[in-house]
Amino acid sequence: MSLAPPLLAVEGLTKSYGGIHAVRGVSFSLRSGEILALIGPNGAGKSTCFDMLNGQNRPDSGHVRLLGEETTGKKPREIWRMGVGRTFQITATFATMTVRENVQVALISHRKQLFDLWGSAPNVDRSEAGRLLELVGMGGYADRPCGELAYGDLKRLELAVALANDPKLLLMDEPTAGMAPRERVELMRLTAQIANEKSIGVLFTEHDMDVVFEHADRIIVLNRGTLIAEGSPAEVRGNPQVQAIYLGEGLLYEGGHREGASA
Amino acid sequence: MAFYVVQFLTGLASAASLFLVASGLSIIFGVTRIVNFAHGAFYMIGAYIAFTLTERFSGAFGFWGGVVMAALAVALIGVLVEMVLLRRIYHAPELFQLLGTFGLTLMVEDLVVLIWGPDDLVGRRAPGFKGAVDFFGQNIPSYDLFLIVLGPVVLGILWLLFQRTRWGVLVRAATQDRDMVAALGVNQKWLFTSVFAVGVFLAALGGALQIPRDAVHHAMDLRIIVEVFVVVVIGGLGSIVGAFVAAVLVSELNAFGILIFPKISIILVFLVMAAVLIVRPWGLFGKPEAAARKTPGLSVNPWRPLTSNERLASLAALVIAALLPLFAGNYALTVGSEIAIFVIFAVSLHFLMSVGGLASFGHAAYFGLGAYGVAFLAKMAGLPMIVCLLLGPLLGCMGAAVFGFFAVQLSGVYFAMLTLAFAQIVWSIAFQWVSVTGGDNGILGVWPASWAASPSHFYWLALGVAALVTIALRIAVFSPFGYALRATRDSLLRSEAVGINAKRIQWTAFVIAGTTAGIGGALFAYLKGSVFPDNLGISLSVDALVMVLLGGVETVSGGVIGAIVYKALNIWLVSQTDLSKLVLGGFIVLIVVVFPKGIVGMLEMLAQRRRKSPPPGSSLLAKPIESAE
Amino acid sequence: MRARSYFVGAAFALLAAGMGHSALAEDIKIGEINSYSLLPSFTEPYRKGWQLAVEEINAAGGINGKKLVVVSKDDGGKPADAQTAANELVSSEGVAMLTGTFLSNIGLAVSDFANQKKVFFLAAEPLTDAVTWAKGNKYTFRLRPSNYMQAAMLVEAASKLPAKRWATIAPNYEYGQSAVAVFKKLMSEKRPDIQWVDEQWPPQGKIDAGPVVQAVAQANPEAILNVTFGPDLVKLVREGNTRGLFKGREVVSFLTGEPEYLDPLKDETPEGWIVTGYPWYSIKTPEHDAFLKAYQAKYNDYPRLGSIVGYQTIKAAAAILAKAGSTDTDKLIAAAEGISMPSPFGEITFRKIDHQSTLGAFVGKTAQKDGKGVMVDASYKKGSDYLPSDAEVEKLRPKD
């Protein structure tokens, strides 16, 4: 009931493709410092929903607001400038550049120095880049070409890049997909810690229910494009509708790992 | 009315052989992702061999048998080329295969003259199709009717082949997703070889069937290759139906274009291609290409600014180059100036291609515009040399701003083709608008002012500008903008996700590259004292590509080295032998096979190997590689 | 066989280049540039022609007792490369003069180079009128009859035709455009009653012959002027024959009687076209007989027009050098202006007024003989009779 607008407010988000409702009237909100998981079985509309939040897809109707400001219809890069960092399900990094350079690109963009043709990029925010890399535990890899990194390290690098513009909100699409179990735990623990320290809101989708129930403050569940449940991990776990969906797929507790990278 | 029907049918007949050649190119590209520049050469060899066979064996069987035998023979040559050359370079950087097939084309042009002699050859007419059929008072050659039927028949056969055979299914699968086929456990090697053979067979058949209509000569390949690229791109790469529709479209444009716009029929085709690509970036029947060109793990050495030692070495090289006038004659100095100018041209393309990941096939347009800019200013406005040199490149800049805006909306091969289309449009204007540009006869008398007239002065000027341009672009590579540009090259998705407006960055890079090329062109106009449409022609664009690829597309200084080696070799060969194309082509093929990373790439690899020989691992957390600036 | 001779030719060129370096101080060197790799069908006979001339000159004691050496370079068909070659010949080889070139734009580029570097240039084959007129300069001379002269020769015959409705087909670049322009101008002067009913401008080297033929036929002209040549001509003739375009129509055609263009047509050769060319088989003059005999004896092949041009270029260069008695450029120019000399086509003169030689061409009609194309009823037209008046030339040519 506070008057200040929430960090992220989603209202009545709807999208259909050729008569099929991918997402129908989804509404939820997210506070700063909160970690919210968006889950649901395959085809539930998670990806569509996510893409509408980060600007890759335009909703048919509904609104997305960041601290009260409309982001609907904006391009990904404009949404980023409003303070939204993101990581991808399949990592997207600058493969021929070094780990440090990857972070520096984001910092350069954040400082609006993209069209500076004269400066020396290797020296731009070198220490800041180093600090971000230390933060995600990648300090020792700064000069390695990104193309040589192991998958888990790429995920951590993406996190560092996503933090480069001091985001208020992090959008993470299946952050632990394709990682070994121990790495998953590490990465999410790191994310939670950073979110907590910097008071960043985190929205993530995830197939691995261990990860979800361990790290999410709150969970929302999508099925067939509509929001069917919302609440704390305990509440959602106890929700019979959710159980039905997941038990039907046999995934809720033990199957998550196998689901892995497929979307 | 009958006239228009006949005109339409004539267009269809021309479409048939265009379709044969284009479908072959399209299939090859679809599966192997090779832009086969040698496709025109196979077309030409098909015509030559068919000429020999049809002259040797008489009668209807001799003719038709000869045509088919010729196509088969060339397909066999294609298999050989694939196994000996292309197989070795499938994993080389994209477009390196283009360099290899370009080298082959050069060789073939000289070889056919050596084998078949210099004269144009006119083969016999097809038995049974010598005359014409009367159509309401208009004559239609019966051979045209044969071709009109042949086109759809070949389309049908290809369709059956792709839909009804296991091989066809594999080809279609590979066109959509190459890795999938590898995963299916298919012997990819032989799939590629067979696809290449089929594509080459179609090209050679297209050439052989020209015998009753055309003269066989050693420049047939270049006449068709550009048109075929246009057809394939309009239709959509990898689409056979697209190739057919586009071949008909292009041929009908030619047939009716001459009635409405008799003087601009060549431009018309390129205008249509540009329009199609702007509206439908993947051609009429093409599908959006998966982001295939990003090849991480290709063990690219991270780029870094020169260390202080390397800087000293570069400076020393520059000083030595500057001392050349002390011991070299006028000719060597003029050649030196030309090489310096081509260094400018090559580094400008290198900036776009290596840093920006945008391989332009029409970069000569901006070089030539710079040259024409100077010529207009000097001859029409009578401005002094220094002013012309400063303002002339602006024409290249403006051209790049306009064309670049549209071109950067595309990527990969489609980007390359749209730049080619723009360059051809500019070339056609220069070539045909005689009253303004002097047409083919060019603009003469653009000689340097007295302060730069002596070969040594001009050499210092060219060398100085080349050094400045190279340094400036190198600074740009390691500037924040350069990082952003490399970011858009490596991952569009990620760069948009960190707030980079990729198209604006790429457009800016295009304009920078175009302006820089224009500076080279401006100097070139003064070096030669004249400007000709050649200065913006395809062969110059190809030269630039070759220089960058030869030097090493994944390196920072590949453009410089590639330009020096290629241009010096080229000038020397042309001076020493009439068979310069054969030798140069052979050299390029050799480089492609032996050093698939280009000259600089190879040197870096050697250096790295040496650097790595001390205990491994020590470098992992060692002090930063970059030297602080 | 051809391959063999080509190899020999290439080897000879290399040898000639090599000899250039080792030439004795008293040798006289001439630089020669042509599009050997781009246009071998024209430049191979041309090369044979000049090699024969060099042999004859040196066998007869050289130039004022000095041996003549020709250093030959390929330009690859590119003006810029031609200039590089010209530079090498002048700067490194130290040649006394430049000769050669086939394409108009290359002729102009080298002519401009000669003007800038103050070198004597004898253009062999380029046709454009600009070489001697609009872009003429004091250092440049030309041997072959120009575009204007060829047009004037054709107009003389064409204006006698009854045809009133004319169409033109010409490649869309400077040569084609100016050939049509001159022909139209001269023709309209003689025959004000003529109508121009259609013009076709196929791109050079890329004619789409079927539609072009069809479009011309649709305009139903009584006569056609053709300027296309080479492979474009072959396609045009084949399509025109099949579609009956030439039936009942007069055709006037530039250069088609030259063996380079006529021979490939074989049994497709159209009958009765009025053409300029070189009927080597029917020229019965002592000068030509001597040339023909020598050429056939040396090469076991018949000469093309290129052979004549190559032969006479070097003969003319030698005559100019002999008359000048020096390799000084100004003396060469003085010697060349107005010089007369024999040629296989009879005596020719390099005019002082515009540096054009009066070498002429043959005008006749095409015909087929034993499945081969020939020129019949051919008569030699002296170049001097087909040039504009001196007053007009003065206006066309910039002052030196």
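Residues numbered from 1 in each chain as written. Chains lettered and ligands numbered in written order. Predicted model: local features only at pLDDT ≥ 70, side-chain atom pairs only at ≥ 80, totals over all residues.

1. Here we look at the overall build of chain B
Then, number 1: Secondary structure assignment for chain B yields 28 helices and 6 strands.
Then, number 2: Radius of gyration (C-alpha) of chain B: 25 Å, near the 25 Å computed for a compact globule of 629 residues.
Then, number 3: Its C-alpha atoms give chain B principal-axis dimensions of roughly 75 × 65 × 50 Å.
Then, number 4: For chain B, buried positions account for 61% of its 629 residues.
Then, number 5: Restricting the contact set of chain B to residue pairs at least 6 apart, pairs at least 24 apart contribute 79%. (Helix = DSSP H or I, 4+ residues; strand = E, 2+ residues; numbered from the N terminus. Rg over C-alpha atoms; globule rule 2.2 N^0.38 Å. Buried ≥ 20, exposed ≤ 12 C-beta atoms within 10 Å, placed from the backbone. Contact = placed C-beta atoms within 7 Å.)

2. Structural notes on the overall build of chain A
Then, number 1: Scanning chain A from terminus to terminus reveals 10 helices and 10 strands.
Then, number 2: Here the C-alpha atoms of chain A give a radius of gyration of 18 Å, agreeing with the 18 Å that 2.2 N^0.38 yields for 263 residues.
Then, number 3: Taking the principal axes of its C-alpha atoms as reference, chain A extends roughly 60 × 40 × 40 Å.
Then, number 4: Looking at chain A as a whole, 49% of its 263 residues are labelled buried.
Then, number 5: Of the contacts formed within chain A by residues at least 6 apart in sequence, a portion of 67% connects residues at least 24 apart.

3. Some details on the interface of chain C and chain B
Then, number 1: The partner chain B presents 64 residues to the 65 residues of chain C that form the contact.
Then, number 2: For the side of chain C that touches chain B, the leading source of residues is helix α3 (residues 79-92) of chain C, giving 10 residues.
Then, number 3: Classifying every residue of the side of chain C that touches chain B by side-chain character gives 25 nonpolar, 22 polar and 18 charged. (Nonpolar A, V, L, I, M, F, W, Y, C, P; charged D, E, K, R; others polar.)

4. Examining the arrangement of the chains
Then, number 1: Inter-chain contacts occur across 2 pairs of chains; the most extensive set of contacts lies between chains B and C.
Then, number 2: A minimum C-alpha distance of 34 Å separates chain A and chain C, which share no contact.

5. Points about helix α10 (residues 240-260) of chain B
All names here are of chain B.
Then, number 1: Taking 1.5 Å of rise per residue, the 21 residues of α10 would be expected to cover 30 Å, and the 30 Å separating its terminal C-alpha atoms lies within 8% of that figure.
Then, number 2: In the structure, α10 departs most strongly from a straight axis at Asn254, where the bend amounts to approximately 25°.
Then, number 3: A large share of α10 lies buried, amounting to 15 of its 21 residues. (Expected span 1.5 Å × (residues − 1). Bend = angle between axes of the 7 residues up to and from the residue.)

6. What about the interface of chain A and chain B?
A common way to state how big an interface is: give the accessible area lost once the parts meet.
Then, number 1: In this complex, chain A contributes 39 residues to the contact, which on the side of chain B involves 36 residues.
Then, number 2: Sorting the residues of the side of chain A that touches chain B by element identifies α2 (76-81) and α3 (99-110) of chain A as the ones contributing at least two each.
Then, number 3: Broken down by element, the side of chain A that touches chain B gets its largest block of residues, 7 residues, from α3 of chain A.
Then, number 4: Of the residues belonging to the side of chain A that touches chain B, the class tally is 20 nonpolar, 13 polar and 6 charged.

7. Looking at the environment of Pro448 of chain B
All names here are of chain B.
Then, number 1: Following the sequence through the fold, Pro448 ends up in the loop between β5 (443-444) and α20 (450-453).
Then, number 2: A sequence separation of 83 residues divides Pro448 from Val531, and the C-alpha atoms of the two residues are 13 Å apart.
Then, number 3: Setting aside chain neighbours within four positions, we find Pro448 in contact with Met385, Ala453, Phe458 and Tyr526.

8. Thoughts on the domain arrangement of chain B
Residues and elements named next belong to chain B.
Then, number 1: Under the domain assignment, chain B is made up of domain 1 (2-218) and domain 2 (324-612).
Then, number 2: Relative placement of domain 1 and domain 2: their C-alpha centres are 33 Å apart.
Then, number 3: Between domain 1 and domain 2, the contact holds 18 residues from the first and 18 residues from the second.
Then, number 4: Per-class residue counts for the side of domain 1 that touches domain 2 are 13 nonpolar, 2 polar and 3 charged. (Domains from an automatic or database assignment.)

9. Some points on the pairing of strand β3 (residues 97-100) of chain C
Every regular strand shows the same layout, with side chains that alternate between the two sheet faces.
All names here are of chain C.
Then, number 1: Side-chain alternation along β3 places Met97 and Thr99 on one buried face and Leu98 and Gly100 on a second face that is also buried.
Then, number 2: In the sheet, strand β1 (residues 28-34) pairs with β3 via 4 bridges, with the strands oriented parallel. When the sheet's bridge partners are listed, Ile33 is paired in β3 with Gly100.
Then, number 3: With 3 bridges connecting them, β3 and strand β4 (residues 121-123) associate as parallel partners. Paired with Thr99 across the bridge in β4 is Leu122. (Pairing = 2+ DSSP bridges.)

10. What about the environment of Leu606 of chain B?
Residue and element names in this part refer to chain B.
Then, number 1: On the secondary structure map, Leu606 appears in helix α28 (residues 598-612).
Then, number 2: Residue Leu606 is classed as exposed on the basis of its C-beta count, with 10 C-beta atoms lying within 10 Å.
Then, number 3: A C-alpha to C-alpha distance of 34 Å links Leu606 and Phe367, two positions 239 residues apart in sequence.

11. Some details on the sheet that holds strand β3 (residues 35-39) of chain A
The strands making up a sheet associate through backbone hydrogen bonding, with each pair oriented either parallel or antiparallel.
Residue and element names in this part refer to chain A.
Then, number 1: Strand order across the open sheet formed by 6 strands is β6-β7-β8-β3-β9-β10, with mixed pairing between neighbours. Every other strand in the sheet has two partners, leaving β6 (84-87) and β10 (226-231) as the edge strands with one partner each. Strand-to-strand twist in this sheet, taken as the mean axis angle between neighbours without regard to direction, amounts to 15°.
Then, number 2: Here β3 pairs with strand β9 (residues 218-223) via 4 bridges, running parallel. Bridge pairing in β9 places Ile39 opposite Val221.
Then, number 3: Sitting on the sheet, helix α1 (residues 46-54) touches β3, β6, β7 (169-173), β8 (201-205) and β9, and the angle it makes with β7 is about 145°. (Axes fitted to C-alpha atoms, helices over the stretch in contact; angles between N-to-C directions.)

12. What to know about unusual backbone geometry
Then, number 1: You will see that Glu174 of chain A, though not glycine, has its phi angle at about 45°, which is positive.
Then, number 2: Position of Glu174 of chain A relative to the elements: it lies in the loop between β7 and α6 (181-198).
Then, number 3: One non-glycine residue, Asn64 of chain C, lies in the positive phi region at around 50°.
Then, number 4: Along the chain, the position of Asn64 of chain C falls in the loop between α2 (40-59) and β2 (68-74).

13. Here's the deal with the sheet that holds strand β9 (residues 250-257) of chain C
All names here are of chain C.
Then, number 1: Taken in spatial order, the 7 strands make up an open sheet running β7-β6-β8-β9-β10-β13-β14, and their pairing is mixed. With partners counted over all chains shown, the strands left at the sheet margins are β7 (195-200) and β14 (372-381), one partner each. The sheet shows a mean angle of 25° between the axes of neighbouring strands, taken without regard to direction.
Then, number 2: Relative to β7, strand β6 (residues 165-169) runs parallel, the two sharing 5 bridges. Paired with Arg165 across the bridge in β7 is Gln195.
Then, number 3: Where helix α7 (residues 209-219) meets the sheet, it contacts β6, β7 and β8 (223-226), and its direction lies at approximately 165° from that of β7.

14. What to know about the packing of helix α14 (residues 330-355) of chain B against helix α21 (residues 455-477) of chain B
Residues and elements named next belong to chain B.
Then, number 1: Interhelical geometry of α14 versus α21 gives an angle of 15° and a closest axis separation of 8 Å. Of the possible angle classes, the one that applies to α14 and α21 is roughly parallel. As for the relative orientation of α14 and α21, their crossing is left-handed in sense. Contact residues: Asn330, Leu333, Thr334, Gly336, Ser337, Ala340, Ile341, Val343, Ile344, Val347, Phe351 and Val355 in α14; Pro455, Ser456, Phe458, Tyr459, Ala462, Leu463, Val465, Ala466, Val469, Thr470, Leu473 and Val477 in α21.
Then, number 2: Looking at the contact of α14 with α21 residue by residue, the classes come out as 18 nonpolar, 6 polar and no charged. (Parallel < 35°, antiparallel > 145°, perpendicular 65-115°, else oblique. Left-handed = near helix turned anticlockwise from the far one by under 90°.)

15. Here's the deal with helix α10 (residues 286-299) of chain C
Then, number 1: When the terminal C-alpha atoms of α10 of chain C are compared, their 20 Å separation across 14 residues agrees well with the 20 Å that a helix rising 1.5 Å per residue should span.
Then, number 2: Just downstream of α10 of chain C, Asn300 of chain C is the residue with a positive phi angle, here 55°.

16. Describing the packing of helix α22 (residues 480-490) of chain B against helix α24 (residues 502-528) of chain B
Residue and element names in this part refer to chain B.
Then, number 1: α24 packs onto α22 with a crossing angle of 115° between their chain directions and a minimal axis gap of 10 Å. Every pair of crossing elements has a handedness; the one defined by α22 and α24 is left-handed. Mapping the contact onto sequence places Ala484, Leu485 and Thr488 in α22 and Ala502, Ile505, Gln506 and Ala509 in α24.
Then, number 2: Tallied by class, residues from the contact of α22 with α24 come to 5 nonpolar, 2 polar and no charged.

17. Here's the deal with the pairing of β8 of chain C
All names here are of chain C.
Then, number 1: Here β8 shows no split at all, with Ala223 and Leu225 on one side and Ile224 and Asn226 on the other all buried.
Then, number 2: Two strands pair when backbone bridges link them, and β8 and β9 are joined in this way by 4 bridges, in the parallel orientation. Counterpart to Ile224 in the pairing with β9 is Val251.
Then, number 3: Taken together, β8, helix α8 (residues 230-243) and β9 form a β-α-β motif whose crossover is right-handed. (Right-handed = clockwise from strand over helix to strand, strands pointing away.)

18. Some points on the environment of Lys266 of chain C
Then, number 1: Looking at where Lys266 of chain C falls in the secondary structure, it is placed in the loop between α9 (259-262) and β10 (274-277).
Then, number 2: Among the residues examined, Lys266 of chain C registers 16 C-beta atoms within 10 Å and is labelled partly exposed.
Then, number 3: When the C-alpha atoms of Lys266 of chain C and Gln368 of chain C are compared, they prove to be 7.9 Å apart, with 102 residues separating the residues in sequence.
Then, number 4: If we ignore the near neighbours within four places in the chain, the residues touching Lys266 of chain C are Val122 of chain B together with Gly371, Lys372 and Gly373 of chain C.

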